[in-house]
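Structure at a glance
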Amino acid sequence: MMNSENVLIRSLLAVVIALSQAKPNAKSHTDPSGLKADCVGNLMRLSLDKALAVGNQLEVEAINGTQHIVLTPILAAQCGYSMESDPWGNTRIYTSLMGCYVNNKDDATFTVGLRLQMYSNKPSDVVTHNVMKTCSYTRWATREILCDRTYMEVSSYMPPPVKDTQGDDEYLKNDVPSGADESGIWKMTFYTPEPVVMMKGEAEQAGYQAMTTAHRLVVRSPYSTAETYPEDVAGVPMEVFKVDTYHTSPKGVTVMNMAAACPTGGVLFTEEAISWHVPRRVTPLLDGSVKILEMYMGINGQRLDRRQMAARGYALSATDFHIVVEIPVGSPDGYNKSHAPDYQYHITYTVEPMLEVMWRAERSHEDTRYKILFPITTPLMPRPPQAVDFTNAEERLFGIHVGTFLDDVELKNITFSTGTSTLEECIAKGFTVQEHRHPGGLKSFSLKVPFVAAEVLKHNPEPLVTTYTLALVFGFLIQPEETAFAHPVEFTASLRDVVLPTIKGTCDQHLFYIEVTFGNQGKNFETLIEYKPLTPELEQEFRLQENETHLTLAIPFTAKQTTFERVTADSIRARLDVLLWEMANNWMLADFFLSCNFPLRTTMCYPNGTITALAAKVESVPNLIPGWLTLKDKSCKPFFSDDRFAYFSFGVDSCGTTRTFFDNYMLYQNEIGHYYTNRGNNYASPNDPEYRQTVSCYYMINDTRTVKFGYKSHSTYPSAEIGLGQLDVQMRLAQDSSYSYFYQAEDYPVVTYLRQPLYFEVELSRSNDPSLELILESCWATAYEDSSSQPSWDIIVNTCENKEDRHVTVFHPVTADARVNIPSHFKRFSINMFTFTKDDAILKDEIYIHCKAMVCDINDTSEDICRGQCPRRSPSISGFQGIEGLKPQTSADSRQPRKISTGPVHLFSSK
């Protein structure tokens, strides 16, 4: 906002932005020369049409009776004048009604006179325009603060001085110099925030202005003077101006505290919107609690009503700490501009919002009107041109479309391999060059060049094929600055009668599937996997099938011809590279690579404290020898290894394994790493990438006793350890919600419809202990009978319904009856029938339901899970595994005991 480059027009006058609004006492006057004067609050606004300014330099003078005072940048900021101009010469000049050289009648009627001098290239050619505008403004608040581009202005109602019976006025008057001017202002104390005293003449020489009107005291300060200082208010940077003004009159001396604070930032940008934040309570100005009486936004100094704001997509709101103005980028009240930093095309958007707020102090009941005119320009937004190829090879004609650009961009010339040509020269050569206009002030350009032109390069890679290449550089200019930038384009086209073979592929959980479609030359190529030809043994291993038009391969992801890219705890990312090579001429006809994630659990955690881990050689560490990998304890080497894998098996209390407790879990961690040796150049060295693989296992503290912690209780009372045992439980599928009749073994598979409810009951049998309660820790569904198979989907997670499921599991209460003796030994729930799908197709039309149960002592509720509550789950222990393209499902931990299952349940199909 304070950058002087934003306030210069044609290298002459600089001015600021003022914030305000007013009601004119007459209609807006349009000068025949293209000038328009408006009254906008406590400002007079003069608009200058760009047609008047283009090709001219502008000088502005203030008319003061018979005098004409040239408004230099320093004087303009000191006297309350400002000007802003867009790059095309559209100009607005703002004059504060409290400014110098304004004819003020009783603080109600104000006449502003300006003389505009237009200088063309010849100093003798000068066009002069005199503008006189009278504005009325009577809605003065007790204090009015105006924030403009280069100055801050504060005016306050000045009450008549009251005679001090104690003689204090006489004491002050003794300090008044005999040369005090007619205004009565003779001394000013600035706060930086340290006090600095200046006589009025000294303050004016420093660039400040202080004056009195019929009823008000006005003080004005340029930005960034020695007596202003920055301050952060509610996260918004502001510049603060504080001064005590001493005013003397025959009745005594009045000392008035004057302050202004104007924002210098607080703007947030996105590609779509501008958010301007102003502190709701400007603490340097307000003492105590205040109430917002009015709040308006505007554009270019003019207020907008709600209808106008809604039509433009503007928003004005207040939060606890800020007043927020939101403006869409590209609003018609602003303008877009092209730029070319480092010869790259960018655009900015500039708009000048206004904010007007009136506060009332709850203690003094004095009103403060706060107005800001705040020009905003977005950061440079890159808009790299896009070149579209619409070449027609059959017509032997190159076609290029490049864009889009703002309207200020012109295509100046085109550089070919033969040299640079103007647009006229291109047309003379028979090329077609066109400019295309688009909505929103955008444009693009197109070029057509025949293949036979000398500017087109020709190449014959084989007798029947000719490749045509058109390489060129579009040369652009941004107006009116005439900033140059370029955009290179290169397109090729070939006329050929050969259809080349193509490759495509997919993956499942275990295999790469490759399909090669032959071209019109048949199978005139050799298929290379990992740049090596297929042997008869590999063709058999990869299940090669071939006919006249296609061949297919099914390659395991563990084959030596694949490349491992990345390994995680539950998957491995493998890549297959396929190449079609024409051996006679050493031509590559097609190449293809396919990367897929395959399910592979690399870490297994067993209840007896044993951990197994699988490490794989990945592409990023090419010289890795898996057999040289070790755990943290370098003596712990792989249990098994080959040239691609290393398999480790160790206990949680060995090999440098660390243990951490948190919540209800123990975390055991170790690390598989590679330690360098000097066995030769073929081995890893310190210059190779490191290999580090973290091995982590989680155990519930109350769910195992297989690991000893070396902890002794200080209590003298005996205690029982939590044990691990196989639960005698069963799960049944009820025929309805009464849970009176159940499907028997001979009834399976049960057939039902999609989204029909399924009612399940889980029972702890062979126990008559009423102090025991059956808890369903987790339940899940699979498409296959194996409870650890994939895909799977959680139904119950940590005793609670799965929040990620749109059809939430419903728990049903259990009461005692003729069949149910101890209700705590039963759990009932229902789900809606569903299927697993992949790419919107049913993967399998049956499901199996599995649950993991535990028994708790009703009298001991120290554990969350025994209270039936949902303990916090750590994302790192999630058992999710899935198939690419399948919606996410979470699998249960297949290593835990006490599992029960039922199924299958078939989906009824009308086909």
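By convention here, each chain's residues receive numbers from 1 onward along its written sequence. Only residues with pLDDT of at least 70 get local features here, since the model is predicted, and only at 80 or more are side-chain atom pairs given and counted; chain-wide, interface and lining totals rely on the full set of residues. Side-chain measures were taken over the full set of non-hydrogen atoms in the model, leaving aside hydrogen atoms and water.

Attention now moves to the overall build of the protein. A run of H or I in DSSP becomes a helix once it reaches four residues, and a run of E becomes a strand once it reaches two; helices and strands are each numbered from the N terminus. A count of helical and extended segments in the protein gives 7 helices and 69 strands. Exposed residues in this analysis have more than 50% of their type's maximum accessible area, buried residues have under 20%, and partly exposed residues fall in between, with area computed by a 1.4 Å probe over protein chains only. Within the protein, the fraction of its 911 residues that count as buried is 47%. Whether two residues are in contact is decided by their heavy atoms, any of which lying within 4.5 Å being enough. Long-range contacts, defined as pairs at least 24 residues apart, comprise 64% of the intrachain contacts of the protein with a sequence gap of at least 6. For the protein, the accessible area works out to roughly 45500 Å², and carbon and sulfur atoms hold 50% of it. Note on areas: Shrake-Rupley, 1.4 Å probe, and residue coverage restricted to the protein chains presented here.

Now for the sheet that holds strand β25 (residues 322–328). At least two DSSP bridges between two strands are needed for those strands to be called paired. Spatial strand order, β20-β21-β25-β24: 4 strands in an open sheet with antiparallel pairing. The open sheet terminates on both sides in strands that have one partner only, identified here as β20 (267–269) and β24 (315–318). Across the sheet, the axes of successive neighbouring strands diverge by a mean angle of 20°, strand direction being ignored. Direction of pairing for β24 relative to β25: antiparallel, over a ladder of 4 bridges. Its bridge partner being in β25, Ala 318 is matched across the sheet by Ile 323. Here an angle of 0 to 180 degrees is reported between the N-to-C directions of two axes, which are lines fitted to C-alpha atoms, with helices fitted over the stretch in contact.

Nonpolar cores were defined as sets of buried Ala, Val, Leu, Ile, Met, Phe, Trp, Tyr and Cys residues, with membership established by side-chain atoms within 4.5 Å. Counting residues in hydrophobic clusters, the biggest one holds 54 residues, and the most contacted among them are Phe 512, Ile 514 and Ile 672. When residues in this core are grouped by element, the largest group, 6 residues, is from strand β49 (residues 587–599).

Here we come to the packing of aromatic side chains. Stacked, tilted and edge-to-face are the three classes applied to pairs of Phe, Tyr and Trp rings, where Trp contributes its six-membered ring and a pair requires centres within 6.5 Å; stacked means planes under 30 degrees apart, edge-to-face means over 60, and tilted covers the rest. What the rule picks out here adds up to 31 aromatic pairs. When the ring of Tyr 208 is compared with that of Phe 241, the centres are 5.8 Å apart and the planes differ by 10°; the resulting orientation is stacked. On the criterion of sequence distance, the pair formed by Tyr 208 in the loop between α4 (200–205) and β15 (209–212) and Phe 241 in strand β18 (residues 236–249) is long-range, its members being 33 residues apart. Of the residues examined, Phe 241 reaches a relative accessible area of 0% and is grouped as buried. The structure contains a cluster of three or more aromatic residues connected by ring pairs, namely Tyr 345, Phe 405, Phe 445, Phe 474, Phe 476 and Phe 485. Lysine NZ or arginine CZ positioned within 6 Å of the ring centre and within 35 degrees of the ring normal marks a charge as sitting over the ring. Seen from the ring of Tyr 151, Arg 220 lies directly overhead, with NZ or CZ sitting 5.8 Å from the centre.

It is worth spelling out the environment of Glu 272 at this point. Looking at the element boundaries, Glu 272 is found in the loop between β20 and β21 (273–279). Exposure remark for Glu 272: the relative accessible area of 58% places this residue in the exposed category. Between the alpha carbons of Glu 272 and Val 329 there is a distance of 5.3 Å; along the sequence they are 57 residues apart. In contact with Glu 272, other than residues within four places in its own chain, are Pro 328 and Val 329.

Looking now at unusual backbone geometry. Residues Gly 403 and Thr 404 are joined by a peptide bond in cis, for which omega reads -5°. Along the chain, Thr 404 turns up in strand β33 (residues 397–406). Following Gln 479, the chain continues to Pro 480 via a peptide bond in cis, the omega torsion being 0°. In this fold, Pro 480 is placed in the loop between β39 (465–478) and β40 (483–495). The phi torsion at Tyr 531 lies on the positive side, around 65°, for a residue other than glycine. Located in the positive-phi region is Cys 655, a residue other than glycine, with phi close to 60°.

Our next topic: the confidence of the model for the protein. pLDDT is defined as a per-residue confidence score from the predictor, taking values between 0 and 100. For the protein, the mean per-residue pLDDT works out to 82, and 83% of the residues sit at or above 70. Per-residue pLDDT stays below 50 along residues 164–182; that stretch engages in 19 contacts with residues further than four places along the chain or on separate chains. Within the model, the stretch residues 703–727 combines pLDDT values under 50 with 30 contacts to residues more than four positions away or in other chains.

Below, the discussion takes up the state of the cysteines. In plain terms, two cysteine sulfur atoms within 2.5 Å form what is called a disulfide here. Enumeration according to the criterion identifies 6 disulfides in this entry. Two residues, Cys 39 and Cys 135, share a disulfide whose sulfurs are 1.9 Å apart. Between Cys 39 and Cys 135 the sulfur-sulfur dihedral comes to about -85°; the bridge is accordingly left-handed. With a gap of 96 residues between them, Cys 39 in strand β2 (residues 35–40) and Cys 135 in strand β10 (residues 126–136) connect regions that are remote in the sequence. Across the pair, Cys 135 and Cys 39 agree in class, each one buried.

On to the pairing of strand β62 (residues 792–797), then. Every other side chain in a regular strand lies on the same face of the sheet, so the side chains alternate between the two faces. For β62, the buried fraction is high: 6 of the 6 residues fall into the buried class. Here strand β61 (residues 772–782) runs beside β62; their pairing, made up of 5 bridges, is antiparallel. Pairing of Ala 781 across the sheet is with Trp 793, part of β62. With 2 bridges connecting them, β62 and strand β63 (residues 800–801) associate as antiparallel partners. Among the inter-strand pairings, Val 797 is bridged to a residue of β63, identified as Cys 800.

Our focus in this paragraph is the sheet that holds β33. With antiparallel pairing, the 4 strands of this open sheet are ordered in space as β32-β33-β37-β36. If you trace the sheet from one side to the other, it starts and ends with β32 (386–389) and β36 (432–438), each paired once. Ignoring which end each strand starts from, the neighbouring axes of this sheet average 20° apart. Here 4 bridges tie β32 to β33, and the two strands are oriented antiparallel to one another. Paired with Gln 386 across the bridge in β33 is Gly 403.

Together, Phe 639, Phe 640 and Tyr 647 give the surface a local cluster of nonpolar side chains, amounting to about 350 Å² of exposed area. Position of Phe 640 among the secondary structure elements: in strand β53 (residues 640–641). Patch building starts from residues that exceed 30% relative accessible area and form no salt bridge, then joins like charges within 9 Å and nonpolar side chains (Val, Leu, Ile, Met, Phe, Trp, Tyr) within 5 Å. Each salt bridge in this description consists of a side-chain nitrogen of Lys or Arg and a carboxyl oxygen of Asp or Glu lying within 4 Å of one another.

Turning to the pattern of salt bridges, a few remarks are in order. Two side chains bearing opposite charge may form a pair once their charged atoms approach each other closely. Applying the stated criterion to the full structure yields 37 salt bridges. Ionic pairing is found between Glu 153 and Arg 220, a salt bridge with its closest N-O pair at 2.7 Å. In this pair, Glu 153 is assigned in strand β12 (residues 151–157) and Arg 220 in strand β16 (residues 216–222), connecting sequence segments 67 residues apart. The class of Glu 153 is buried, set by a relative accessible area of 3%. Assessed through its relative accessible area of 0%, Arg 220 is described here as buried. The closest approach of N and O atoms between Glu 565 and Arg 573, which form a salt bridge, is 3.4 Å. Glu 565 gets classed as partly exposed once you look at its relative accessible area, which sits at 26%. By relative accessible area, Arg 573 is classed as partly exposed at 24%. Each of Arg 139, Glu 144, Glu 294, Arg 303, Glu 356 and Arg 369 takes part in salt bridges that share partners, so that together they form one network.

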